[in-house]
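# Working through the structure, step by step
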Amino acid sequence: MRVTSIYTYPVKGCHRMDRATARVEPWGLDGDRRWLIVDDHGLGLSQHQHRELVAMRAVSRPGGLTLDAPGMAPLDLAEPTDGEAIEVQVYRDRPLSPVRAAGPEADDWLKRLLGRSARLVWLSDPARNLVPWEVPAGVGAEVSFADGTPLLLANTASLDAFNGWLLESGSTEGPLPIVQFRPNVVISGAAPWVEADWVARRVRIGGAVFQGAEECVRCVVATIDQETGERGREPLRTLAARRNIDQKLRFGLQMTVRAESGEAAPEGRTVSVGDSVELLD
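Residues numbered from 1 in each chain as written. Predicted model: local features only at pLDDT ≥ 70, side-chain atom pairs only at ≥ 80, totals over all residues. Heavy atoms only, no water.

## A closer look at the pattern of salt bridges
To be explicit about the condition: Here a salt bridge means any side-chain nitrogen of Lys or Arg lying within 4 Å of a carboxyl oxygen belonging to Asp or Glu. Counting from the N terminus, the helices are DSSP H or I runs at least four residues long and the strands are E runs at least two residues long.
Under the criterion given, the structure shown has 13 salt bridges. Arg119 is paired through a salt bridge with Asp107; the nearest N and O atoms lie 3.8 Å apart. In this pair, Arg119 sits in strand S11 (residues 119–122) while Asp107 sits in helix H1 (residues 104–114), placing the two residues twelve residues apart along the sequence. Among the ionic pairs, Glu215 bridges to Arg243, the shortest N-O distance being 2.7 Å.

Printed below as a string of structure tokens:
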């Protein structure tokens with residue numbers, strides 16, 4: 001089993017960044033979802049409300065990022081280390097997260113893009129942003145603005161099986177690309193749906209060890225074409241027929257980061273395209 005692709009999403013909901021290598025931090029891959037767009041009440045905005053975010057490209061770099069979108073002038077931003085300290089929620093049922101506001105220049109840029117007032121905020125200290133549930137021993141509770149766990153893994157063989165079902169159904173929407181599921185790490189060389197057996201098990205990917213948390217529950221964002229912003233009925237229709245588990249539609253594996261004795265120091269843990277994937281238990 002090998003890593004075939006790595007993606008990060010610097011601003012939650014924005015277009016992906018293709019990566020050859022990424023550093024593994026306790027809260028996920030470096031540069032992944034450390035920035036969030038919120039409304040006037042400090043609640044996160046997503047592609048569910050604004051499909052324009054599909055075309056918004058955010059390129060992260062040490063100390064900042066650049067925003068770009070069709071018809072917009074690029075905007076280069078530094079991490080607002082001294083920005084206004086506020087609290088926001090990525091979802092209504094999540095605890096408040098302490099963040100720094102990017103400032104009026106970023107907010108004006110977003111208003112032009114989205115056609116509404118919005119604020120860009122930066123998660124300055126992910127170590128203080130904890131998931132509001134118990135985590136297994138040896139697993140960190142820190143998380144970025146990801147939906148629930150630091151990393152989402154997808155399996156190309158599972159996608160092939162899914163697209164086979166789509167073809168059998170006569171759907172005109174397929175085949176779907178893996179990017180429609182917005183994973184962080186894509187693997188090949190595994191059997192279809194084998195990742196479902198990795199829940200609560202340790203998996204070494206490159207220089208880091210992760211633990212399967214649960215199969216990812218898919219929402220309406222998965223129906224949005226990540227190149228055009230067009231919305232369809234797939235994959236939810238086929239997942240409802242084929243992978244409805246406990247009344248939840250599942251594709252991909254959510255994973256947490258483990259701190260293994262004897263492994264590289266956090267700053268030395270990386271995953272790269274071509275790395276091996278090994279089930280440890």
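## Structural notes on the pairing of strand S10 (residues 97–101)
As a reminder, the rule being used: Relative accessible area decides the class of each residue, using a 1.4 Å probe on protein chains only: under 20% of the type maximum gives buried, over 50% gives exposed, and in between gives partly exposed. Strand pairing requires that DSSP identify at least two bridges connecting the strands.
In terms of burial, S10 is a largely internal element, four of the five residues being buried. Summarising the sheet, strand S9 (residues 85–88) and S10 pair through four bridges and their orientation is antiparallel. Following the sheet pairing, Glu87 is matched in S10 by Pro98.

## Let's talk about unusual backbone geometry
Following Gly174, the chain continues to Pro175 via a peptide bond in cis, the omega torsion being -5°. With respect to the helices and strands, Pro175 occurs in the loop between helix H2 (156–169) and strand S13 (185–188). At the junction of Glu234 and Pro235, the peptide bond is cis and its omega measures out at 15° in the coordinates. Note that Pro235 resides in the loop between strand S15 (208–217) and helix H3 (236–242). A positive phi angle, close to 50°, is found at Arg182, a residue other than glycine. For Arg182, the location among the structural elements is in the loop between H2 and S13. Classification of Arg182 by relative accessible area gives buried; the value is 14%. Despite not being glycine, Gln247 has its phi angle at roughly 65°, a positive value. Among the structural elements, Gln247 can be located in the loop between strand S16 (244–245) and strand S17 (248–257).

## Re the sheet that holds S9
Threshold: To obtain an axis, a line is fitted to C-alpha atoms, over the contacting stretch when the element is a helix, and the angle between two such axes runs from 0 to 180 degrees between their N-to-C directions. The contact criterion used throughout is that any non-hydrogen atoms of two residues lie within 4.5 Å.
Overall, antiparallel pairing links the four strands, which are arranged S5-S11-S10-S9 in an open sheet. Since the sheet does not close on itself, it has two edges, and those belong to strand S5 (35–38) and S9, each with one partner. In this sheet, adjacent strand axes meet at a mean angle of 45° when their direction is disregarded. Each of S5 and S11 touches H1; the most contacted strand, S11, lies at about 130° to it.

## Quick word on the packing of aromatic side chains
Applicable threshold: Paired rings are identified among Phe, Tyr and Trp, the last through its six-membered ring, by centres lying within 6.5 Å, and are further divided according to the angle between planes into stacked (under 30 degrees), edge-to-face (over 60) and tilted (the rest).
Counted under the stated rule, the structure contains six aromatic pairs. Measuring from centroid to centroid gives 6.2 Å for Trp35 and Trp122, while their planes differ by 40°, and the two rings are tilted. One end of the pair, Trp35, is in strand S5; the other, Trp122, is in strand S11, with 87 residues separating them in the sequence. We classify Trp35 as buried; its relative accessible area is 4%. According to the relative accessible area criterion, Trp122 is buried, its value standing at 5%. Here Trp193 and Phe251 contribute two aromatic rings whose centre-to-centre distance is 5.7 Å and whose plane-to-plane angle is 90°, an arrangement assigned as edge-to-face.

## Focus: H2
Basically, it comes down to this: Every helix has an expected span of 1.5 Å times one less than the residues it contains. Polar contact criterion, stated in full: a pair of N or O atoms within 3.5 Å, where within protein one must be able to donate a hydrogen and the other to accept it, and residues adjacent in sequence count only if both atoms are side-chain atoms.
When the terminal C-alpha atoms of H2 are compared, their 20 Å separation across 14 residues agrees well with the 20 Å that a helix rising 1.5 Å per residue should span. Among the residues of H2, those classed as buried are Ala157, Ser158, Leu159, Phe162, Asn163, Trp165 and Leu166. In this structure, the buried residues of H2 make contact with strand S12 (151–155), H3 and S17. With a side-chain oxygen lying 3.0 Å from the backbone nitrogen of Ala157, the N-terminal cap of H2 falls on Asn155. At the C-terminal side of H2, Gly170 shows a positive phi close to 80°.

## Brief notes about the nonpolar core
Quick note on the threshold: We call a set of buried Ala, Val, Leu, Ile, Met, Phe, Trp, Tyr and Cys residues a nonpolar core when their side-chain atoms join them within 4.5 Å.
Of all hydrophobic cores here, the largest spans 22 residues; its most connected members are Val11, Ile37, Met56, Leu67, Trp109 and Leu120. For this core, the secondary-structure elements that each account for two or more residues are S5, strand S7 (64–68), strand S8 (75–78), H1 and S11. Sorting elements by how many residues they give to this core places H1 first, with five residues. One finds Ile6, Ala22, Ile187 and Val257 within the second-largest nonpolar core, a separate group that totals 20 residues.

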